[in-house]
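# Reading the structure
Residues per chain, in single letters:
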Amino acid sequence: MTSIDNSSALSRRSLLKGGAAVIAAPAVLTSPLALAQQRKEVVLVNFGGAAMKAFDEAYVQPFAAQGGRIVLDGSGALNGKILTMVQSGKVTWDICDAGITTLAELGPRNALEKIDYSIVDKAKVPAEFAYENGVVNYMFSSVLAWDTAKVKETPTLADFFDLKKYPGRRMMRKDSQAMLELCLIADGVPQDKLYPLDTKRAFAKIETIKKDVLYWNSGAESQSLMRDGECVMGLLWHTRANVLKGETQGRIAYTFKDGLLQPGLWVVPKGNPAGAEAFRAIASMQQPEGQVKLLAAMGNGPSNPAAQALVPPDLRAMNPADPANVAVQAKINAAWYIENHSKTFQAYLDFISS
Amino acid sequence: MLSRLAAIDPAPTIGADPSRSSLARRLRVGGSARYWLLMTPALALMIVFYVYPISRVLWISVTEPQPGLENFELLLTSASIHKMLLTTARISVLTTLITLVLAYVVAYALVHAGERARRWMFLGVIVPLWISVLVRAFAWFVLLRREGLINNILMTSGVVDSPLSLIWNETGVMIGMVHYMLPFGILPIYANMRDIDQRCIAAARGLGATRSEAFRKVFLPLSMPGVVGAGILVFMFSLGFFVTPAILGGGKTLMIAEYIKVQILEVVRWGVGTMLAATLVIVIGALLAVLSRFVDLRKLFGSI
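None of the values given here were measured: they were computed from a predicted structure. (Residues numbered from 1 in each chain as written. Chains lettered and ligands numbered in written order. Predicted model: local features only at pLDDT ≥ 70, side-chain atom pairs only at ≥ 80, totals over all residues.)

### Considerations on the pairing of strand 5 (residues 170-173) of chain A
For a regular strand, side chains alternate in direction, first toward one face of the sheet and then toward the other. Residue and element names in this part refer to chain A. We apply this condition: Three exposure classes are used, all based on how many other C-beta atoms lie within 10 Å of a residue's own C-beta (placed from the backbone): buried at 20 or more, exposed at 12 or fewer, and partly exposed between those limits. Helix and strand definitions follow DSSP, with helices as H or I runs of at least four residues and strands as E runs of at least two, each counted in order from the N terminus. Two strands pair under a simple rule: DSSP has to find at least two bridges between them.
Of the two faces of strand 5, both are covered, the one formed by R170 and M172 as well as the one formed by M171 and R173. Alignment of strand 5 against strand 6 (residues 213-216), held across 4 bridges, turns out to be parallel. Paired with M172 across the strands is Y215, a residue of strand 6. In terms of strand pairing, strand 5 meets strand 7 (residues 233-237) through 2 bridges, oriented parallel. Paired with R170 across the two strands is M233, which belongs to strand 7.

Listed below in C-alpha cells is the structure:
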C-alpha cells in the first residue's frame with residue numbers, strides 16, 4: 001500500500017477499496033490525498049471532563065482542516081504513567097497535557113523528547129515558557145478566591161493568613177507548587193525575588209493558620225469546598241474560581257492580584273509513535289484562534305502573545321495571560337522546580353500531615 | 001466470600017477416610033496428591049497473574065535506583081516515613097477496635113433476633129457492601145460537614161453552640177472507615193456466635209450465674225475466635241485504605257496507600273513506593289503467621 005508505517009484505519013479502508021487502488025498506488029502516492037493519508041495519528045492526552053469537548057473544538061478540528069489527525073485521550077498523563085510507558089518501550093501517547101513538575105521529574109530521567117523548535121514556533125510563545133523538553137500550551141494561575149457572604153471587602157493575600165481579621169477556614173492545594181510562592185508573597189517577598197524559594201519561611205507562614213486549613217486534591221474538590229461554604233477563602237486555579245463565580249452568581253469572587261502565573265505544558269514522551277508529526281500538531285495548536293476558543297470554553301489563557309489582542313473584551317477579565325492581569329502576578333520559575341520539586345513536594349506533604 | 005477458598009481444604013481428614021473413591025484407587029493417586037492436582041489450574045493462574053507480577057513490582061524495591069537495601073533503610077531513617085507509618089497504624093488500630101465493638105453488638109443482636117427481623121437486619125448489613133466506597137465517602141461529607149445534616153440538627157436543637165468538627169480530620173476518616181469495615185466485622189463474629197451452644201448459657205444461669213456473669217464468663221470467651229478473626233480482617237483492610245482518608249481527611253491524613261501513590265505517580269520514586277508496598281505485604285504476612293499460632297486461621301476464615 002501507500003506506506004508501511006501507515007497504521008491507520010484509512011489505509012485499511014483503502015485496502016478494501018480493492019485492486020484498483022493497488023494498481024493505482026504509484027499514482028496515488030504523489031497525490032495530496034495520499035500525503036494526507038501518510039500523516040500519522042497524534043494521540044493527545046489531557047485530563048478529560050470538559051476539556052474533551054473544548055480541546056476538540058479548539059485544537060482537533062483546526063488541525064484536521066490542515067490534513068492532520070489528533071485523537072484525544074482523557075485518562076490523564078501522570079508522571080508515573082508516562083515513565084512506565086517509556087521504560088517498557090510501548091509508548092502510545094504523543095502529546096501530554098502536563099506541567100512544570102513533569103519537566104522536573106521526567107526531564108532528568110530522559111523520558112521526554114526535546115521539543116523540535118524548527119517545527120514549533122518559538123516566536124509564538126513567551127520566551128520564558130519555551131523549555132527544552134516542554135513548551136507552553138496554555139496559561140493558568142493560582143489565585144485567591146473568597147466567599148463574599150463572609151468576607152465583605154476585597155481581601156489581600158496577607159488577609160488569607162489573618163484569622164483575626166477574617167475568621168474561618170482556609171483552603172490550599174495539596175501540592176507545594178504555587179502554594180509556597182503565594183505564602184512568600186503574603187509574607188512580603190517581592191514578586192520578582194521569589195526564587196530560590198525560602199521554603200522554611202513559607203512553611204512558617206502556613207504554620208500561623210495551619211489548624212484552619214483544608215487541602216484540596218482535585219480541582220472539583222476545590223470547587224465543592226468553596227461552593228458549600230466549608231471555607232471562607234481559598235487558593236485555587238483561576239479556571240475553577242471562574243466557574244465558581246458563575247455558578248454562585250458572584251458569591252465566590254477571585255482576583256489575579258498576587259497570583260502565580262503558570263504554564264500548562266505540552267510534553268512529548270520519548271519514542272512517541274507519531275514522531276515529528278506530534279510537533280506539527282503542537283505547531284498547529286499555536287494558532288491564536290483555537291487558543292481564544294479554549295479561553296472561552298474553559299478559561300485557559302492563550303499562550304500565543306498574538307492571541308491576546310483577539311480576546312473579546314468581555315473575556316479579558318478572566319484571561320490570566322491578559323497583559324493587565326500578567327502585570328499584577330508573579331511568574332513561576334521552572335529551573336528551580338527541576339532542581340527542587342521532588343524534595344519540596346515531599347516536605348510539604350509531611351508538613352501538612354503533621 | 002474469599003473465605004470459601006480456604007474452607008475447601010479437607011486434605012487433613014481425607015487420608016483417614018476409609019471410603020476413598022474406587023476411581024482414585026484405580027489411578028493409584030495418593031489422597032493429598034489428588035487434591036493438589038485439582039488445585040493446579042487455580043494455583044497456576046494465581047502464580048502467572050498474581051504472584052509473578054507482584055514479585056516483579058516488589059523486585060523494584062531492591063533494584064531502584066541502585067541494587068541494594070537502601071530503600072529499606074528509609075524505614076529506619078526517614079522521619080517522613082515514620083510519621084506516615086504511625087498515622088497508618090494509629091488509624092488502623094482505632095478503626096479496628098471501634099469496628100469490633102460495634103460489630104459485636106450488631107452480631108449479638110442478629111443471633112438473638114427472630115427469623116423475620118434477622119432477614120431485614122442482614123439486608124441492612126449487606127447492602128452497604130454493594131455501594132462504592134467513593135459514593136459512601138461523599139455521603140458522609142454531606143452528613144458531617146459544617147452545614148451538614150448532623151451539625152444542623154445539633155445546632156437547631158441547641159445541643160451545641162458551634163458546629164462540631166466531624167470531618168476533615170482523623171475523626172472523619174475513622175467514621176468513614178468504620179462504616180466501610182462494619183460488614184467485615186459483623187459477618188465473622190456472627191458466624192462464630194451462631195455456633196455457640198445456647199445451652200451453655202442456660203447451664204450457667206442454672207448454676208446461679210447472673211445474666212452479666214453468664215455473658216462475661218461463658219458467652220464472651222466462646223465468641224473470642226470470631227472477634228480475633230474479624231479483627232485481623234478489618235485491620236488488614238484498614239491498613240490499605242486510600243479513598244476514605246483522601247476525601248474525609250481534609251488533605252491532612254496521609255496514610256500508606258496515598259503515600260505509595262505519590263511515590264509511584266508523582267515524584268516517581270518507584271524504589272520507595274515499592275519498598276513500602278513490600279513492607280505492607282511482609283507486615284500482613286507476619287501478622288497472619290503470628291496469629292496462626294494462637295488461633296486456627298483455617299477455621300476462622302472458613303467459618304464465615
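### Comments concerning the environment of P320 of chain A
Residues and elements named next belong to chain A. Stated formally: By the convention adopted here, residues are in contact when the distance between their C-beta atoms, placed from the backbone, does not exceed 7 Å.
Residue placement: P320 occurs in the loop between helix 14 (313-316) and helix 15 (323-326). Residue P320 is classed as buried on the basis of its 27 C-beta neighbours within 10 Å. A sequence separation of 25 residues divides P320 from L295, and the C-alpha atoms of the two residues are 9.6 Å apart. In this view, P320 contacts M139, F140, S141, H238, F256, L261, G301 and N325; residues no more than four positions away in its chain are not counted.

### Some words on helix 10 (residues 219-227) of chain A
Residues and elements named next belong to chain A. Residues E221, S222, Q223, L225 and M226 constitute the buried set of helix 10. Where the residues of helix 10 are buried, they touch strand 4 (135-147), strand 5, strand 6, strand 7, helix 11 (238-247) and strand 8 (252-267). Downstream of helix 10 by one or two residues, G229 has phi in the positive range, about 75°.

### Describing the nonpolar core
Our working definition: Buried Ala, Val, Leu, Ile, Met, Phe, Trp, Tyr and Cys residues whose C-beta atoms connect them within 7 Å together make up a nonpolar core.
Within the largest apolar cluster, 149 residues are counted, with the highest numbers of intra-cluster contacts made by I95, V135, L144, A145, M171, L182 and I282 of chain A. Sorting elements by how many residues they give to this core places helix 10 (residues 170-194) of chain B first, with 11 residues. Apart from the residues within four sequence positions on either side, A145 of chain A is in contact with M226, G234, L236, A241, L244, I252, A253 and Y254 of chain A.

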